[in-house]
Amino acid sequence: MTRPHVLVAGAGIAGPSLAWWLSRRGWRVTLVERAHALRTGGQAVDFRGPVHRAVLERMGLWEAIHERRTRLGTQACVDATGRTLAEVPALMMSGDVELQRGDLCQLLFERTREQVEYRFGDSPTSLHETPDGVEVGFEQHAPQRFDLVVGADGLRSNVRSRVFGGDDSHLRHHGFRVVGCTLPNVLGLRRQGVIYSEPGRGVCVTSARAEDEARALFVFTGAPLGPRERSPDVAREAVSTAFAGAGWRTARLVETLHGAEDLYFDTISSVRLPRYSHGRVVLLGDAAWGGTLGGQGTPMAMVGAYVLAGELLASPEAHAQAFARYESRLRPYATKCQEGASHVGGFFAPRTRAGLFLRNHIYRLLTTKPLERVFEKMVTHAATGFELPEYAEAFTPQSDNR
Ligand SMILES: Cc1cc2nc3c(=O)[nH]c(=O)nc-3n(C[C@H](O)[C@H](O)[C@H](O)COP(=O)(O)OP(=O)(O)OC[C@H]3O[C@@H](n4cnc5c(N)ncnc54)[C@H](O)[C@@H]3O)c2cc1C
C-alpha cells in the first residue's frame, strides 16, 4: 500500500480523530456520515487524568479545548422542594476539562476538513472483501474500493452489523433509557447543575454556554429500543410517560421538551464484541466498546483513534498485525472504562427509595475532607489505567508524499 485509502464511517468523535492522524501522514481518508450535516448535539463530555491529556496535547487540541470549556462547578442533588441533599464535585461530573460534545465535533471537523474527503448524507450498504481491498456499496455514491474500512459509526454501528451480524445481539442493555437535549434555561442556572431523582427516574439539568439555554438529561428505567423506536417524537412521548406525576420542577422541564430539536435518545447499553476487527474492517469508538453514558465514550474514542493510527502507521503493509496489536493494547482499558455505563443509570435514577437514600448518603460521606482522596481515585482510576504507547516515528508528518 503506497498511499493507502481508508474509508471511515461516522463523523462523530472517533472517525475525525483517526482521520486527523492518518491524513497528516499522507493517507487518503474518505469519511462518510449518514447525517446530512455534522451532528453537533449532545451533552458535555469530559477528559480526566494524564492519558486523556497526553492524547489531546499530541493532537494539539489541549488549548482549544480549554478555551471552549464549560467551567461547570459542583452539581447539587436536590429533593422535591429544591433543597440540596448532596453535592457532586466537578471532578466527577466534569473531569479536568469539559466541553460541549458539539464544540468538540466542530473542532475536529475544522482540523480535518482540508485533508479529508467528507461525504455527508451517505452510508455504506455493502462491504465485500477481496484479496487486496474492500468493495463498498453506498446509498448515494457509486461503489468504490478501499484498502481498509473503519466503522466509527457509533453505538448502533451499521458497519458492525454488516460484519459481525445483527445489532442487538452485541448490545447489553442495562435497564435504563436516556434522552438528552437543549432546553430553555427555565431554572436560571449559571455554571451549575442540578440533579433530581425519584425511584426509577431522574433528570439532570446543567447550564449551557448561552445563558438562556440549559442541557437536560432524562434517565429512566425502560426496555431495550428497536431501530425505529428512537425518533424525537417517541423520545418526547417516552419522557412524558416516564415522568408523569414526578415532583420538583420536572413537569415544567418535560413541557419545554416539546420544543427541543436536538434530541438524543437511546438505551444505556454496552457493546460486547468477541473481536474489534474482521479482515480489512476494524471498529473504533462506540462501535467497538460503546457504553452510551458513563463509559468515557468521548476520550476513549480519541485514545482509541491514537492507538489505531499509531499501529497502522507503524506497519502499513500489515493491517492484520496492526489490528491485533490495537485490540490487545486497548481492549482491557476500554472494557474497564466501559464498566461505568452499567452503574450510571442507578446514579441518576436509583430504582428504589432505599437506593436513593443510600446514593445521597454515600455522596455526602465521600465528599467530606477525610475521604477526598478516596473519591478522587474512584472517579479517575479507570481513565488513568493505561500506558499510552509512543508512536513518535510513525506520527512524523510526511507532507511531501501527499
Ligand atoms: C448526536 C449525538 C449526541 C450524543 N450525546 C451524548 C451525550 O449527551 N452524552 C454522552 O455521553 N454521549 C453522547 N453521544 C455519544 C458520544 O458522542 C460517544 O460516546 C463518543 O463521542 C464516541 O464517539 P464515536 O465517534 O465513537 O460515536 P458518535 O459520537 O456516536 O459518532 C458516530 C457517528 O456515526 C454516524 N453514523 C451512524 N450510523 C451511520 C451510518 N450507517 N453511516 C455513516 N455514519 C453513521 C452518526 O451519525 C455519528 O455522527 C452522542 C452521540 C451523538 C451522535
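Residues numbered from 1 in each chain as written. Predicted model: local features only at pLDDT ≥ 70, side-chain atom pairs only at ≥ 80, totals over all residues. Heavy atoms only, no water.

- You'll find the chain entered in an unreviewed UniProt entry as Aromatic-ring hydroxylase, with Corallococcus coralloides given as the organism.

### Things to note about the overall build of the chain
Phase 1: Along the backbone of the chain there are 15 helices and 18 strands.
Phase 2: Relative to the globule expectation of 21 Å for 402 residues, the C-alpha radius of gyration of the chain, 21 Å, shows essentially globular dimensions.
Phase 3: Within the chain, counting contacts between residues at least 6 apart in sequence, those at least 24 apart form 74% of the total.
Phase 4: When the accessible surface of the chain is summed, it comes to about 17,300 Å², and 50% of that surface belongs to carbon and sulfur atoms.
Phase 5: For the chain, the distance from the average position of its 48 positive side-chain charges to the average position of its 44 negative side-chain charges is 4 Å. (Helix = DSSP H or I, 4+ residues; strand = E, 2+ residues; numbered from the N terminus. Rg over C-alpha atoms; globule rule 2.2 N^0.38 Å. Contact = heavy atoms within 4.5 Å. Areas by Shrake-Rupley, 256 points an atom, 1.4 Å probe, with all protein chains shown as cover. Lys, Arg positive; Asp, Glu negative; His and termini not counted. Charge placed at Lys NZ, Arg CZ, Asp CG, Glu CD.)

### A closer look at the site of the ligand
Phase 1: Around the ligand, the structure places 28 residues, and the nearest of them are Ala14, Glu33, Gln43, Arg101 and Asp286.
Phase 2: For the ligand, an oxygen atom lies 2.8 Å from a polar atom in the backbone of Ala14.
Phase 3: Residue Thr298 places a side-chain N or O atom 3.0 Å away from an oxygen atom belonging to the ligand.
Phase 4: Burial of the ligand by the protein chains amounts to 93% of its free accessible area of 910 Å².
Phase 5: Looking at the shell around the ligand, the elements that each hand over two or more residues are strand 2 (28–33) and helix 10 (297–314).
Phase 6: Residue classes in the shell around the ligand are distributed as 9 nonpolar, 12 polar and 7 charged. (Near = heavy atom within 4 Å. Polar contact = N/O pair within 3.5 Å; in protein donor to acceptor, adjacent residues only side chain to side chain. Nonpolar A, V, L, I, M, F, W, Y, C, P; charged D, E, K, R; others polar.)

### Re the packing of aromatic side chains
Phase 1: Evaluation of the coordinates by the stated rule reveals 19 aromatic pairs.
Phase 2: Their ring planes at 80° and their centres at 5.9 Å tell us that Phe220 and Phe243 sit as a pair that is edge-to-face. In this pair, Phe220 is assigned in strand 15 (residues 213–221) and Phe243 in the loop between helix 7 (232–242) and helix 8 (250–256), connecting sequence segments 23 residues apart.
Phase 3: Using a relative accessible area of 3% as the deciding quantity, one classes Phe220 as buried.
Phase 4: An aromatic cluster of three or more residues is present, and its members are Trp20, Trp21, Tyr306, Tyr391 and Phe395.
Phase 5: Over the aromatic face of Phe138 sits the side chain of Arg119, whose NZ or CZ is 5.4 Å from the ring centroid.
Phase 6: Just above the ring of Phe347 sits the side chain of Arg359; from NZ or CZ to the centre is 5.5 Å. (Phe/Tyr/Trp six-rings, centres within 6.5 Å; stacked < 30°, edge-to-face > 60°. Buried < 20%, exposed > 50% of the residue type's maximum accessible area, 1.4 Å probe, protein only. Lys NZ or Arg CZ within 6 Å of the ring centre and 35° of its normal.)

### Some words on the sheet that holds strand 9 (residues 133–138)
Phase 1: The strand order 8-9-10 describes an open sheet built from 3 strands, whose pairing is antiparallel. Each end of this open sheet is capped by a strand with a single partner; those strands are strand 8 (124–130) and strand 10 (144–146). Taking each pair of neighbouring strands and ignoring which way they run, the sheet shows an average axis angle of 30°.
Phase 2: Sheet analysis places strand 9 next to strand 10, joined by 3 bridges and oriented antiparallel. Counted as the bridge partner of Val134 is Phe146 from strand 10. (Pairing = 2+ DSSP bridges. Axes fitted to C-alpha atoms, helices over the stretch in contact; angles between N-to-C directions.)

### Focus on helix 14 (residues 372–384)
Phase 1: The terminal C-alpha atoms of helix 14 lie 18 Å apart, and with 13 residues this matches the ideal 18 Å at 1.5 Å per residue to within 8%.
Phase 2: Maximal helix bending in helix 14 amounts to about 35°, located at Met378.
Phase 3: Those residues of helix 14 that fall on the buried side of the exposure criterion are Phe375, Val379, Thr380, Ala382 and Ala383.
Phase 4: On its buried face, helix 14 sits against helix 2 (49–58), helix 4 (90–94), helix 11 (319–338) and helix 13 (353–366). (Expected span 1.5 Å × (residues − 1). Bend = angle between axes of the 7 residues up to and from the residue.)

### Some points on helix 5 (residues 101–112)
Phase 1: Spanning 12 residues, helix 5 covers 17 Å between terminal C-alpha atoms, matching the ideal 16 Å at 1.5 Å per step.
Phase 2: Those residues of helix 5 lying buried are Gly102, Asp103, Leu104, Cys105, Leu107, Leu108, Phe109 and Thr112.
Phase 3: Close packing links the buried residues of helix 5 with helix 1 (14–23), strand 3 (44–47), helix 3 (62–67), strand 6 (97–100), strand 7 (117–120) and helix 10.

### Quick word on the packing of helix 11 against helix 14
To characterise two packed helices, one gives the angle between the axes of the helices and the distance between these axes.
Phase 1: Where helix 11 meets helix 14, the closest approach of the two axes is 8 Å, and the angle between their N-to-C directions is 155°. Regarding the angle of helix 11 to helix 14, the classification is roughly antiparallel. When helix 11 is examined against helix 14, the residues Tyr333, Lys336 and Cys337 are found in contact with a partner set consisting of His381, Ala382 and Ala383. (Parallel < 35°, antiparallel > 145°, perpendicular 65-115°, else oblique.)

### Points about the side chain of Thr267
Phase 1: Mapped onto the fold, Thr267 is located in strand 16 (residues 264–271).
Phase 2: At 2.6 Å, the side chain of Thr267 and the side chain of Ser269 are in polar contact.
Phase 3: With sequence-adjacent residues up to four places away left out, Thr267 is seen in contact with Leu155, Arg156, His173, Phe176, Arg177, Ala223, Pro224, Leu225 and Thr292.

### Overview of the side chain of Asp79
Phase 1: Residue position: Asp79 is located in the loop between strand 4 (75–78) and strand 5 (84–88).
Phase 2: Residue classification places Asp79 among the buried residues on the basis of a relative accessible area of 17%.
Phase 3: Apart from the residues within four sequence positions on either side, Asp79 is in contact with Leu85, Tyr196 and Trp248.

### As for the pairing of strand 15
Consecutive residues of a regular strand have side chains that alternate between opposite faces of the sheet.
Phase 1: Of all 9 residues in strand 15, 7 are buried, a share of seventy percent or more.
Phase 2: Direction of pairing for strand 12 (residues 171–184) relative to strand 15: antiparallel, over a ladder of 9 bridges. Bridge assignment links Thr182 to a residue of strand 15, and that residue is Arg215.
Phase 3: The pairing of strand 14 (residues 201–207) with strand 15 spans 7 bridges and is antiparallel. Bridged to Val203 within strand 15 is Phe218.
Phase 4: As consecutive antiparallel partners, strand 14 and strand 15 are separated by 5 residues.

### With respect to the packing of helix 1 against helix 10
Phase 1: Packing of helix 1 against helix 10 leaves a shortest axis separation of 8 Å and a crossing angle of 35°. Considering only the axes of helix 1 and helix 10, their crossing is right-handed. From helix 1, Ala14, Ser17, Leu18, Trp21 and Leu22 reach across to helix 10, where they touch Ala301, Met302, Ala305, Tyr306, Leu308, Ala309 and Leu313.
Phase 2: Among the residues forming the contact of helix 1 with helix 10, the class breakdown is 11 nonpolar, 1 polar and no charged. (Left-handed = near helix turned anticlockwise from the far one by under 90°.)

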